[in-house]
Amino acid sequence: MVTKVWVLVALLSLACCSVPVAGQDLSASFYETLGHYIRLAEQKPIDWNYTLYLRNVTGEVQEPCYSQSAQLNTDMTAAKEYAITMLDSSGKFHPSGLFEGQWNDFGSFKGCRDRVKYAEDIPADMKPMYCIVVWEGIPPELAGGNTVFAQGLCVPNTCSDSEVGLLATTGLLGIKTMPSWTVAGLFCQREEEYSSFDTGAIVAICIIAIILLMLSIGTLYEFIINVAYTEEKMKSIVSSKTGQVFLSFSVYSNTKKVFNTYQPPGQLPALHGIRVISTLWIIYGHTDFFADNTLTTNRREKNEWYSQWWYFIRGSMDLSVDTFLLLSALLVSYLFMKQLKKNGGSFTGKDLLLHYLHRYWRLTPVYAFLIMIFVCLTLYMGTGPVWASPSNIAMSNMRGCQSWMWTNLLYINNWFGDCFGWAWYLGVDMQLYVIAPGLLVLLYKFPKLGLSFIMILLTGSMMATGLIYHFLVNQVGGEQYFSAVYANTFTRAGPYMVGLLLGYILFKTDRKVPNTLRTKALMLAGWFGAAAVAVLFVAAPEYIGGRPYAVYDSAAWRAFDRTMFSCAVAWVVFACSVGYGGIITEFLSWSGWVPLSRLTYTAYLVHPIIMHVYTMSLKTPLFYSATNWWFYFIAYSFMAFLCGFVASIMVEFPFFGLEKLIFPQRRGRDSSKASNNVTNEGHDNQALELQLPELVNGEGNEQLAGAVPTNKEQFDNKV
């Protein structure tokens, strides 16, 4: 009779029933479910001999863990509410879809962590703890692409991880899956580890608080001077250094700069669209990459998704990084050539130092800020069955930052360490940026010699890629691919050299080509050629070689694919710049791209943090479908640009404003650009508003100089 009363209380509690037990008419299915739980607890296959051996002989299981585990088992058979809830929260080996790859049962993380402790009959010293046990030994013929079975367990927190693994093997904790299976890994979530902030988190929160205070002061300062002072007095205040410091932190002004869609004449507007599309391409690829590092309920179907016609978007996504290298080099080359022209070809050691200092200042503050957020605060952003698991990619990156963050701040992180792993691109780009001035000075003063050096580097990069891929990747092993080829500065130099040449060509031609029939024919042929190259290296690999992406095993293909694809993109930029882009130019020059383009740098840096937090906090495995993946991509993209906007307003734009106060203006760079729009003088691979200073200032072609409006009001009047 007592047992039945306990059972009634337990099951009514599980059903979240808030009405009294007395007087209720219970359904037949209630007693049927009750019997199932009782039989499940009574029929647990426990090896008591081995359990007592671990406790009494080897001492591998200590008395506190053993006594509470034994008590839990006894209370399950007595149908106590807390024990039945812990049993219900543990995974069992009866999921459907095993042949499709659903080799996991997480149980109920929330039920274990949040429900058990409120049971009225739970012993005072019994605290629940959620663990994930990974079993090996599953049949490969039926595994659907899996190699292990992941099972959630709700156990007493007096047990250590090793004790949980041993007692799960004996069957005392949880429901053992198969007799022959063995524990391959185990991870337990302990609330006390995240119950309070550590020193790093406290420091990070203090820094964020200081930044928020500065933003509040700057915004309030701008409001006061706009309301309380005359226009003449306001100009005097704004021109002072104190005023400029405060206004650098104004949320209002910086938000206006982000969303300003005005595109002055003399820029390369098509680059805005290319940057945003390339960023979205990266986010889509990472949507699948991060999901691949989580459990899915239909792994077999997921492994076959390359059969979808649009899979090439994912399969070739890493080419989008080469687009950024191309654009970065293009802007460095184009602006550098204009600087040399205004300085009469002079480029001093001071110019070189400022060239590097400006670049470092533009990239580093928001980069360091987001590394701080990732390393110090990510642990406190969520919970879940696999939250903060040591095997998670995010955790390995966080551990790497403790020793290697200095390599990120020196931009050599693509060679050393494993901190903020997706930022390898910044290391490659900065290293190529360092050597660019020497090549560009040669190209300006001695065109043939400079062109020869660039072509040698371009050819050498392709040859090195093929040789390294053949000898290190194909023969030694695929695990060498990332460090030896993917993140190697020299193997990534091809697209950068193409960008340097493109910037030089646009500079020399002044972005004009003869308006002749021959030119039109050549431009049309160029469009066909660029389209063919893009299709060949983006979409065709899925169908070449007998199986999808078999061609990626070819060293010859790898030697050419990145550089050839960047050539195709370079043609799009060139054709749009000289007036032969047609509808493509109109699409890529859409004003809606402009605000998003200003946020692509921070969106790139922050989107993997968002993906890490989401995938680590999943309470159940993902279900793969094309529709789900596309919705994940849309959500990730929105959150990436939203969080990127916050990071830009908090750190990036304020430091852009402070740059003018700290560093002297570089010779040959138009100071009006920075005063009109902070993003005009943003980091070179983001500075897309490329005005023509010699036209705006009335130099060169006088007729054309008079026709170009110098501010937005004149531009509106022209329209």
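Structure first, text after, so check above.
Here is what the cut-offs are and how they apply
- Residues numbered from 1 in each chain as written.
- Predicted model: local features only at pLDDT ≥ 70, side-chain atom pairs only at ≥ 80, totals over all residues.
- Heavy atoms only, no water.
- Helix = DSSP H or I, 4+ residues; strand = E, 2+ residues; numbered from the N terminus.
- Buried < 20%, exposed > 50% of the residue type's maximum accessible area, 1.4 Å probe, protein only.
- Lys, Arg positive; Asp, Glu negative; His and termini not counted.
- Salt bridge = Lys/Arg side-chain N within 4 Å of Asp/Glu carboxyl O.
- Polar contact = N/O pair within 3.5 Å; in protein donor to acceptor, adjacent residues only side chain to side chain.
- Patch = residues over 30% accessible without salt bridge, like charges linked within 9 Å, V, L, I, M, F, W, Y side chains within 5 Å.
- Areas by Shrake-Rupley, 256 points an atom, 1.4 Å probe, with all protein chains shown as cover.
- Disulfide = S-S within 2.5 Å.
- Axes fitted to C-alpha atoms, helices over the stretch in contact; angles between N-to-C directions.
- Parallel < 35°, antiparallel > 145°, perpendicular 65-115°, else oblique.
- Left-handed = near helix turned anticlockwise from the far one by under 90°.
- Contact = heavy atoms within 4.5 Å.
- Pairing = 2+ DSSP bridges.
- Phe/Tyr/Trp six-rings, centres within 6.5 Å; stacked < 30°, edge-to-face > 60°.
- Expected span 1.5 Å × (residues − 1).
- Arc of directions from axis to C-beta.

Draft legend 1. Representation of the side chain of Asp121. Summarising the element assignment, Asp121 is placed in the loop between helix H6 (109–115) and strand S2 (128–136). Within the buried set, Asp121 has no salt-bridge partner at all; the shortest N-O distance to an opposite charge, 6.0 Å, is to Lys80. A distance of 3.2 Å separates a polar atom in the side chain of Asp121 from the backbone nitrogen of Tyr82.

Draft legend 2. Region of interest: a nonpolar patch on the surface. Together, Leu220, Phe223, Ile224, Val227 and Tyr229 make up an exposed nonpolar region whose accessible area comes to about 510 Å². With respect to the helices, strands and loops of the structure, Ile224 is situated in helix H8 (residues 199–228).

Draft legend 3. Local environment of the state of the cysteines. Summed over all chains, the structure comprises 4 disulfides. Here Cys112 engages in a disulfide with Cys154; their sulfurs sit 2.2 Å apart. Every disulfide takes its handedness from the sign of the S-S torsion; for Cys112 and Cys154 that torsion is 85°, giving right-handed. One end of the pair, Cys112, is in helix H6; the other, Cys154, is in strand S3 (residues 148–156), with 42 residues separating them in the sequence. You can call Cys112 buried: its relative accessible area is 0%. Judged by relative accessible area, which is 2%, Cys154 ranks as buried. The side chain of Cys401 participates in a disulfide bridge whose partner is Cys419; the two sulfur atoms lie 1.9 Å from each other. Between Cys401 and Cys419 the sulfur-sulfur dihedral comes to about 90°; the bridge is accordingly right-handed. Remark: Cys419 occurs in the loop between helix H17 (393–409) and helix H18 (424–445) and Cys401 occurs in helix H17; sequence separation between them is 18 residues. The connectivity of the disulfide bonds within the protein can be written as 1-5, 2-4, 3-6, 7-8, using the sequence rank of each bonded cysteine.

Draft legend 4. Looking closely at the packing of helix H19 (residues 447–474) against helix H21 (residues 493–509). Where H19 meets H21, the closest approach of the two axes is 8 Å, and the angle between their N-to-C directions is 155°. In terms of orientation, H19 lies roughly antiparallel with respect to H21. Our pair here, H19 against H21, has a crossing hand that is left-handed. Counting all contacts with H19, which are made through Pro447, Leu451, Ile454, Met455, Leu457, Leu458 and Ser461, the residues of H21 involved are Ala493, Gly494, Met497, Val498, Leu500, Leu501 and Tyr504.

Draft legend 5. Structural context of the sheet that holds strand S1 (residues 104–105). With respect to topology, 4 strands assemble into an open sheet ordered S1-S3-S2-S4, the strand pairing being mixed. Both outer strands of the open sheet, S1 and strand S4 (182–189), are each paired with one neighbouring strand and no more. Alignment of S1 against S3, held across 2 bridges, turns out to be parallel. Following the sheet pairing, Asn104 is matched in S3 by Ala150.

Draft legend 6. Structural detail: the packing of aromatic side chains. Within the structure shown, the criterion is met by 44 aromatic pairs. Summarising the aromatic geometry, the rings of Trp103 and Trp181 are spaced 6.0 Å apart at their centres and angled 45° between planes, so their arrangement reads as tilted. You can see Trp103 sitting in the loop between helix H5 (81–88) and S1 and its partner Trp181 sitting in the loop between helix H7 (161–170) and S4, a full 78 residues away along the chain. Note on accessibility: Trp103 and Trp181 belong to one class, buried. Where Phe374 meets Phe420, the ring centres are 5.6 Å apart and the plane angle is 70°; that geometry is what we call edge-to-face.

Draft legend 7. Representation of helix H22 (residues 517–538). For H22, which comprises 22 residues, the first-to-last C-alpha distance of 32 Å matches the rise-based estimate of 32 Å (1.5 Å per residue) to within 8%. Burial in H22 covers these residues: Thr519, Met523, Gly526, Ala530, Val533, Phe537 and Val538. For H22, the buried positions fall inside an angular range of 100° around the axis, keeping them on one side. When the buried face of H22 is taken as reference, the exposed residues oriented beyond 90 degrees from it are Leu517, Phe528 and Val535. Packed against the buried residues of H22 are helix H12 (270–292), helix H14 (312–315), helix H15 (319–342) and helix H23 (555–577).

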